[in-house]
Structures are given as C-alpha cells and as structure tokens.
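Each chain, letter by letter, is given below.
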Amino acid sequence: KAKKDTQSRYRFYETEMEDETSWRLGMIRSLVNDFNHGKLQVWYQPQLNVKTGRFDGMEALLRWPNSDGGFISPLIFIPLAEYSGLIVELGMWVLEQSCEQVKKLEQLGLTGLRVAVNISMPQFRNSNFVQNVIETAKKYEVDPEQIELEITESVVMDDPKLVIIALEELKKNKFAIAIDDFGTGFSSLSYLQQLPLDRIKVDREFIKGIGEGGDGIIAETVISLSQKLGKETVAEGIETQFQLDFIRNLNCDVSQGYFHAKPMPAEQLETFLLGQLPDVEP
Ligand code: C2E
Ligand code: MG
Ligand code: MG
Ligand code: MG
C-alpha cells in the first residue's frame, strides 16, 4: 500500500513537472516570438536627485504586453529569459533602447540624464559583453558616465571573479555601476569593497514599512554603510512623503518610487521630464 502511494505520488509530481516544463517552454517560445516581432517595450522610472530636487535619471525596465492589454511581470519572464539565454540579446536591446532614449532626451534639451540598465548573469558570461556595452555607448554617442549598469548581489555571488573583472573593465571605461536590491541577496558584504561601485540601491523591502509601524532600521543602516564606503545611495520603492522625508534626513542621494512616478513609456517620460524644464525665476 505504502509503495503504491509513493508511486502514484511520484507520477503526480512527474506530470506536474512535465506541465511546468511545457509551460516554461511555451512562455519562452512566445517571448522569443514577441521580441522578434518588436512587441517588447522599455519603460522608464524617473529617479529624483534628493539634493537638487530634480529628476536627473531613470531606470530602464522591460515590459512584455500580454493579449489582454496588461503585462506579464518581469519577475516571471526575466528568469525565463535568463534560463533560455535570450537575456543576452534582450539585455543588449534594452541597453540600445536606453542609449537612444538618452540621446533623444538630449535633443529635447534634457542633457546629462543618467539611465540605469539591469544586467543579468548570462550577460556577464558572454565574452563579448564588455566590448558590446562600450560599442553601444559609442554608437549612440552617449557618455558612458550617463549609463549605469545595475547588478544584484546574486550576480556578484554567482561568479565574483568574472563579475569583478568585467566591472573593473567597465569602470575603466567610465561606466557607472550600481548594486541593486542591496541587502536581500547572499550577503555580498565581503565583496562590497572589491566592487568598483558608484551607487548602492537600498531594496524596497527595507523601505516598505517605514511610517506604518516599521522603524526603518535596516534602511538607515544600509544608507549609513553606503555613505561610509563613499558610495551614493538610491532608495527604491519610495511610496509616501513620510518615506521621502525619512531618507532625506539620512542624506540619501536618490529617491525612486511610485511616490514620484511609476515606470512609464518613453513618450510619457519625455513629457514628465520636460514638465520640470523651466528653471527660470517666476
Ligand atoms: P528592479 O531592478 O529592482 O526594479 C525595480 C522594480 O520595483 C520595478 O519592478 C519597479 O516597477 C518596481 N517599483 C519601483 N518603485 C516602486 C514602488 O514605489 N512600489 C512598488 N511596489 N514597486 C516599485 P518591475 O518593472 O516589475 O521589475 C522587476 C524586476 O525585473 C526588476 O527589479 C529587475 O530585477 C527585473 N528587470 C526588469 N527589467 C529588466 C531588464 O531589462 N533586464 C534585467 N536583467 N532585469 C530586468
Ligand atoms: Mg534595477
Ligand atoms: Mg531594485
Ligand atoms: Mg527589486
């Protein structure tokens, strides 16, 4: 009896795994297909320079429209793109779009803006990665200092040596480097000083409860750590005035979150940023 149970349970899992695998393959197939048909979009979320009170940068975020007018979450499709290797091509496309956008904003009079682009592990494993990034910036005539490459702790921990070498090469070429979702990963504290970082992004998780019972002790500690290391700090997921005041009091440099703006399509970003153009006296 016990054996039979085990067997049927095993078969149950097996079917579930087959379903899971075919679901994944189906998703990957339609992601590739939609990408090849130009259906993917890059949206941008403005970043507020807390010191100057101006939006001086943005994060590029991939958007995959689904059939009913909504979007499939990057939290679902990015892992699939990584797993399938598509992220190598997809990631370069996001970088190209971002460079093109920065150039376009410049032509509209919005100069010196910085764009942050998320980079996944398979991209680092591609031996042409660093060269491709350098060439893309050149092709679009974008100053590398305006391009910030965001990597998560898990990328660093996956293959520290490989990642550090690539980042140092990128840093030598003046690209900006940020560590994303800091504090949620695999304790990359030991690598923090070895990485050529410009910025540390405090994960939304540590901002979330502030003003609603949460004390913000972790956010405060990460910001302080970042400052002691001489890095700029970006707070992610700022949703309230209270949270903005909280991080401003800690001298956090950059604020990104729904309180200021949600990620938006390129045309909307232009309107958003142009809206703050007049720097003239009233
Ligand atoms: P991330 O890089 O940490 O990006 C920030 C995420 O937080 C975005 O989610 C953004 O929409 C969301 N967010 C920003 N402010 C707030 C806020 O105030 N409240 C809340 N609740 N959320 C906020 P999104 O666009 O869904 O992206 C999720 C993740 O997918 C990203 O996290 C990043 O890890 C990955 N991702 C997105 N685009 C790309 C890409 O082009 N390449 C790679 N490799 N990963 C990407
Ligand atoms: Mg990011
Ligand atoms: Mg993040
Ligand atoms: Mg995140």
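Conventions adopted
Residues numbered from 1 in each chain as written. Chains lettered and ligands numbered in written order. Predicted model: local features only at pLDDT ≥ 70, side-chain atom pairs only at ≥ 80, totals over all residues. Heavy atoms only, no water. Axes fitted to C-alpha atoms, helices over the stretch in contact; angles between N-to-C directions. Helix = DSSP H or I, 4+ residues; strand = E, 2+ residues; numbered from the N terminus. Parallel < 35°, antiparallel > 145°, perpendicular 65-115°, else oblique. Left-handed = near helix turned anticlockwise from the far one by under 90°. Contact = heavy atoms within 4.5 Å. Nonpolar A, V, L, I, M, F, W, Y, C, P; charged D, E, K, R; others polar. Near = heavy atom within 4 Å. Polar contact = N/O pair within 3.5 Å; in protein donor to acceptor, adjacent residues only side chain to side chain. Areas by Shrake-Rupley, 256 points an atom, 1.4 Å probe, with all protein chains shown as cover. Donors = N, O, S within 2.8 Å, 3.2 Å for Na, K, Ca; no water. Buried < 20%, exposed > 50% of the residue type's maximum accessible area, 1.4 Å probe, protein only. Core = buried A, V, L, I, M, F, W, Y, C linked by side-chain atoms within 4.5 Å.

The name an unreviewed UniProt entry gives the protein is EAL domain-containing protein, with Psychrosphaera algicola as the organism.

S.K.: So what exactly am I meant to see when it comes to the packing of helix H3 (residues 87-107) against helix H5 (residues 129-139) here?
M.R.: Pairs of packed helices are described in terms of their axes, by the angle between the two and the distance that separates them. At a minimum axis separation of 9 Å, H3 and H5 run at an interaxial angle of 25°. Considered as vectors, H3 and H5 are oriented roughly parallel to each other. For the pair H3 and H5, the sense of crossing is right-handed. Residues Met92, Leu95, Glu96 and Cys99 of H3 form the contact with H5, whose participating residues are Asn132, Val133, Thr136, Ala137 and Lys139. Broken down by class, the residue content of the contact of H3 with H5 amounts to 5 nonpolar, 2 polar and 2 charged.

S.K.: I would appreciate a short explanation of the environment of Ala60 in the present structure.
M.R.: Structurally, Ala60 can be placed in strand E2 (residues 54-65). Residues Ala60 and Gln101 lie 41 residues apart in sequence; the distance between their C-alpha atoms is 10.0 Å. Residues within four places of Ala60 in sequence aside, it is in contact with Val42, Trp43, Tyr44, Val94, Ser98, Val115, Ala116, Val117 and Asn118.

S.K.: Teacher, can you tell me more about the site of ligand 1 here?
M.R.: Contacts to ligand 1 come from 22 residues, most closely from Arg63, Ser120, Asp180, Glu239 and Tyr258. The side chain of Arg204 places a nitrogen or oxygen atom 3.0 Å from an oxygen atom of ligand 1. Interatomic distance of 2.8 Å between a backbone N/O atom of Tyr258 and an oxygen atom of ligand 1. In isolation ligand 1 has 800 Å² of accessible area, and contact with the protein removes 86% of it. Looking at the shell around ligand 1, the elements with two or more residues in it are E2, helix H2 (74-84) and strand E6 (176-182). Of all the elements, E2 adds the most residues to the shell around ligand 1, at 4 residues. Residue classes in the shell around ligand 1 are distributed as 9 nonpolar, 5 polar and 8 charged.

S.K.: How should I be thinking about the coordination of the magnesium ion (ligand 3) in this particular structure?
M.R.: For a metal with four tetrahedral donors the ideal donor-metal-donor angle is 109.5 degrees, while six octahedral donors give ideal angles of 90 or 180 degrees. Asp180 (OD), Asp181 (OD), Glu236 (OE) and Glu236 (OE) make up the full set of protein donors to the magnesium ion (ligand 3), lying at 2.1 to 2.5 Å. Each donor residue of the magnesium ion (ligand 3) lies on the same chain, and together they follow the pattern D-D-x54-E. Metal-to-metal, the separation of the magnesium ion (ligand 3) and the magnesium ion (ligand 2) is 3.9 Å; Asp180 coordinates the two. With Asp181 in strand E6 and Glu236 in strand E8 (residues 232-236), this pair connects stretches of sequence that are 55 residues apart.

S.K.: Sorry if this is basic, but what is going on with the coordination of the magnesium ion (ligand 2) here?
M.R.: Only Glu59 (OE), Asn118 (OD1), Glu150 (OE) and Asp180 (OD) from the protein reach the magnesium ion (ligand 2) as donors, at distances of 2.0 to 2.2 Å. Binding-site remark: the magnesium ion (ligand 2) is held by donors from one chain whose sequence spacing is E-x58-N-x31-E-x29-D. What makes Asn118 partly exposed here is its relative accessible area of 31%. You can call Asp180 buried: its relative accessible area is 5%.

S.K.: Is there a simple way to think about unusual backbone geometry in this case?
M.R.: Peptide bonds are mostly trans, and most non-glycine residues show a negative phi. One non-glycine residue with positive phi stands out, namely Glu141, at about 55°. Considering the arrangement of structural elements, one finds Glu141 in the loop between H5 and strand E5 (147-152). On the accessibility criterion, Glu141 (61% relative accessible area) is exposed. If you check the backbone angles, Asn251 has positive phi at about 65° while not being a glycine. Mapping Asn251 onto the fold places it in the loop between helix H10 (241-249) and strand E9 (254-256). According to the relative accessible area criterion, Asn251 is partly exposed, its value standing at 45%.

S.K.: What is the right way to read the nonpolar core from this model?
M.R.: Soluble globular proteins tend to pack their nonpolar side chains together in the buried interior. Counting 77 residues, the largest nonpolar core has Met58, Phe124, Leu170 and Ile247 as the members making the most contacts within it. Residue contributions to this core peak at 8 residues, all from H3. Discounting chain neighbours no more than four positions away, the residues touching Met58 are Tyr44, Gln45, Pro46, Gln47, Val102, Leu105, Leu113, Arg114, Val115, Ala116, Leu269 and Leu273.

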